[in-house]
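Residue-level structural notes
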Amino acid sequence: MNFDTWFHKQSKVIQIVLLILPLVGWIMDLLVRWSAFLKKSSIVNLVMALVITFFGEFWILTILDAVMIALGNKLFLED
């Protein structure tokens, strides 16, 4: 699964738009987090993938991810 690679190849504007759209943002975050975990199995990636899976619909983490993309070049707590 190379979805995280595809996501990070997009421009920052597209990444932010994909994250801030209500349902699309949660699905994008799920796909990117689980893809990163499958590629590099670390405890941080697993914990964040599980948190996004069960609590991602509350939007706080998705907005935090969009801010992290705008300031840096990766999601919050992504290895």
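Counting restarts for each chain: residues are numbered from 1 in the order of the written sequence. Given that the model is predicted, a residue must reach a pLDDT of at least 70 before its local features are reported, and side-chain atom pairs must reach 80 or more before they are shown or counted; all residues, however, enter totals for whole chains, interfaces and linings. Hydrogens are left out, water is left out, and the side-chain values use all remaining heavy atoms of the structure.

Quick look at the nonpolar core
A general trend in soluble globular proteins is that nonpolar side chains are found buried together. Counting 8 residues, the largest nonpolar core consists of F7, L18, L19, M28, V32, A66, I69 and L75. Each helix is a run of H or I in the DSSP string that is no shorter than four residues. Each strand is a run of E no shorter than two, and both are numbered from the N terminus. Elements with a contribution of two residues or more to this core: α2 (12-20), α3 (22-39) and α5 (60-71). The criterion used for residue contact is that any of the two residues' heavy atoms lie within 4.5 Å. With residues up to four places along the chain from it excluded, the contact list for M28 reads F3, W6, F7 and L18. Put simply, buried Ala, Val, Leu, Ile, Met, Phe, Trp, Tyr and Cys residues joined by side-chain atoms within 4.5 Å make one nonpolar core. The rule is simple: take the accessible area with a 1.4 Å probe, protein chains only, and divide by the maximum for that residue type; under 20% is buried, over 50% is exposed, in between is partly exposed.

Details of the environment of L75
Locating L75 in the fold gives a position in the segment after α5. With a relative accessible area of 1%, L75 lands in the buried category. Those residues in contact with L75 that sit more than four places away from it in its chain are F7, H8, L19, D29, V32, R33, D65, M68 and I69.

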